[in-house]
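In case you want the letters, here they are:
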Amino acid sequence: MDDIDRMLVGLLQEDATRSYAVLGKAVGLSSGAAHERVRKLRERGVIRRTTVEVDQEALGRAVTAYVLVDGGSWMGDAGQALAAVPEVEEAHVIAGPATLLLKVRTTGTRELQDVLRRIFQVDGVTGTQTVVVLETLFERTLK
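Caption draft 1: Main features of the side chain of T64. Along the chain, the position of T64 falls in strand β1 (residues 63-71). Using a relative accessible area of 8% as the deciding quantity, one classes T64 as buried. Only 2.9 Å separates the side chain of T64 from the side chain of R105, close enough to count as a polar contact. In contact with T64, not counting residues within four places along its chain, are K103, V104, R105, V131, V132 and V133.

Here it is as structure tokens:
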């Protein structure tokens, strides 16, 4: 990846609806050359998907929580079971005070409690610690 690829990725992270003409102009390429670069970035897996950023609170998902999951054994195989819980947005195998770190969004604390019950049903889960977010100062994707 060169500097132009990095600039294209950054521009797409800010607004993925930009046309190839606009992208090309911003980085000094023709629209065709910008399109080709973006196509190659997709092929190489640098750009995995195109999505939109939404206001979670406007969707009724006002509670964000991070859940540390303890497991009695290797929990790296629990991904599929955790992905089946729609409120779990992210799941990471970690080194530290727990085995997994989950990012969960719910409509309220009662729903969060229900999600925690479902997490406990995943094979190997022996405990959880939950941190509820009071306010998000910012979220960003690094360029």
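From this point, things continue past the structure.
Caption draft 2: Fine view of the pairing of β1. Across seven bridges, the pairing between β1 and strand β3 (residues 100-106) is antiparallel. What sits directly across from V63, in β3, is T106. Relative to strand β4 (residues 125-132), β1 runs antiparallel, the two being bridged by seven bridges. Residue pairing for β4: L68 is matched across the bridge by Q129.

Caption draft 3: Inspection of the packing of helix α1 (residues 3-14) against helix α3 (residues 31-43) at higher detail. One can describe the packing of α1 onto α3 by two numbers: an axis separation of 10 Å at closest approach and a directional angle of 85°. Regarding the angle of α1 to α3, the classification is roughly perpendicular. Together, I4, D5, L8, V9 and L12 of α1 and R37, V38 and L41 of α3 make up the contact between the two elements. Split by residue class, the contact of α1 with α3 holds six nonpolar, no polar and two charged.

Parameters and conventions
Residues numbered from 1 in each chain as written. Predicted model: local features only at pLDDT ≥ 70, side-chain atom pairs only at ≥ 80, totals over all residues. Heavy atoms only, no water. Helix = DSSP H or I, 4+ residues; strand = E, 2+ residues; numbered from the N terminus. Buried < 20%, exposed > 50% of the residue type's maximum accessible area, 1.4 Å probe, protein only. Polar contact = N/O pair within 3.5 Å; in protein donor to acceptor, adjacent residues only side chain to side chain. Contact = heavy atoms within 4.5 Å. Pairing = 2+ DSSP bridges. Axes fitted to C-alpha atoms, helices over the stretch in contact; angles between N-to-C directions. Parallel < 35°, antiparallel > 145°, perpendicular 65-115°, else oblique. Nonpolar A, V, L, I, M, F, W, Y, C, P; charged D, E, K, R; others polar.

Structural measurements only, silent on function.
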